[in-house]
Amino acid sequence: MGLKVQIHDLAARTHTVKAGTFPVRVYLEHPHGLYVERPFYDHPLYRYWQAHILPGPGWQVCRFTPHQGEHWCEYYVDIVSVRREGSVWSVQDLYLDLGVTRERAVRVLDTEELFAALEAGLISHRQAAWATAALHELINALAEHGNDLPAMFRGRGIELGWGLEVLS
């Protein structure tokens, strides 16, 4: 297990993760954060990724396009901490995730990763508490809207667009 930090360099149009640095097709800043689209290269499951990085609530809302079929969830939300320095956004994954299916079922994921990261000293107790509160806020907000993520965001005055729809 290691620290999970993504770097988005808007000027260079690159996304750096532990697997390497990759070109980004779309970066779009909006009042609530940053929208990102890019292909995945040589990934065993996915060929495309779309995400809204929302620093305020600490959510990275993702959609994945698999090579075949459909992803098991419509939206995958990482609980994150975001820092911005000029055109560079650093997104630290805080190890808690939530999946929202097309049927509006909600699944909390990776709680064991949060505790392992805390034990390994990768995150502080303060970060773990913040991540837990951010996850609770998300779950409660979703519940108020029948686990309909777009409706939940519309209720907050946020319309998340998803840009390119990758069909082929």
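Heads up: the structure comes first, above all this text.
Residues numbered from 1 in each chain as written. Predicted model: local features only at pLDDT ≥ 70, side-chain atom pairs only at ≥ 80, totals over all residues. Heavy atoms only, no water.

On to unusual backbone geometry. Trans is the common state for peptide bonds, and a negative phi is the common state for residues other than glycine. Phi angles above zero are rare outside glycine, and Tyr-95 is one such case at about 75°. For Tyr-95, the position within the fold is in strand β9 (residues 88-100). Residue classification places Tyr-95 among the buried positions, given a relative accessible area of 0%. Although it is not a glycine, Asn-147 adopts a positive phi angle of roughly 60°. (Helix = DSSP H or I, 4+ residues; strand = E, 2+ residues; numbered from the N terminus. Buried < 20%, exposed > 50% of the residue type's maximum accessible area, 1.4 Å probe, protein only.)

Attention now moves to the pattern of salt bridges. Taken as a whole, this structure holds seven salt bridges when the rule is applied. Residues Glu-29 and Arg-84 are paired through a salt bridge, measuring 2.7 Å at the closest nitrogen-oxygen approach. Taken together, the residues Glu-29 in strand β4 (residues 26-30) and Arg-84 in strand β8 (residues 75-85) connect sequence positions 55 residues apart. On the accessibility criterion, Glu-29 (40% relative accessible area) is partly exposed. (Salt bridge = Lys/Arg side-chain N within 4 Å of Asp/Glu carboxyl O.)

Here strand β1 (residues 5-9) shows a buried face lined by Gln-6 and His-8 and an unburied face lined by Val-5, Ile-7 and Asp-9. Pairing of β1 with β9 involves five bridges; the strand directions are antiparallel. Each residue of the ladder has a partner; that of Asp-9, found in β9, is Val-88. Where β1 lies against strand β2 (residues 14-17), three bridges are found, and the strand directions are antiparallel. Bridging across to β2, Ile-7 finds its partner in Thr-16. Remark: four residues form the turn of the hairpin made by β1 and β2, two consecutive strands paired antiparallel; Arg-13 in that turn has positive phi of roughly 60°. (Pairing = 2+ DSSP bridges.)

Within the secondary structure, Gly-86 is located in the loop between β8 and β9. In this structure the C-alpha to C-alpha distance between Gly-86 and Gln-68, which are 18 residues apart in sequence, comes to 38 Å.

What follows deals with helix α2 (residues 125-144). Here α2 spans 29 Å end to end across 20 residues, near enough to the 28 Å set by a 1.5 Å rise per residue. Inspection of α2 places Ala-128, Ala-131, Ala-134, Leu-135, Leu-138, Ala-141 and Leu-142 among the buried residues, and these make up the whole buried set. End-on, the buried residues of α2 take up no more than an arc of 160°, which puts them together on one face. Facing away from the buried surface of α2 by more than 90 degrees, the exposed residues are His-125, Arg-126, Ala-143 and Glu-144. (Expected span 1.5 Å × (residues − 1). Arc of directions from axis to C-beta.)

Shape descriptors only; they carry no functional weight alone.
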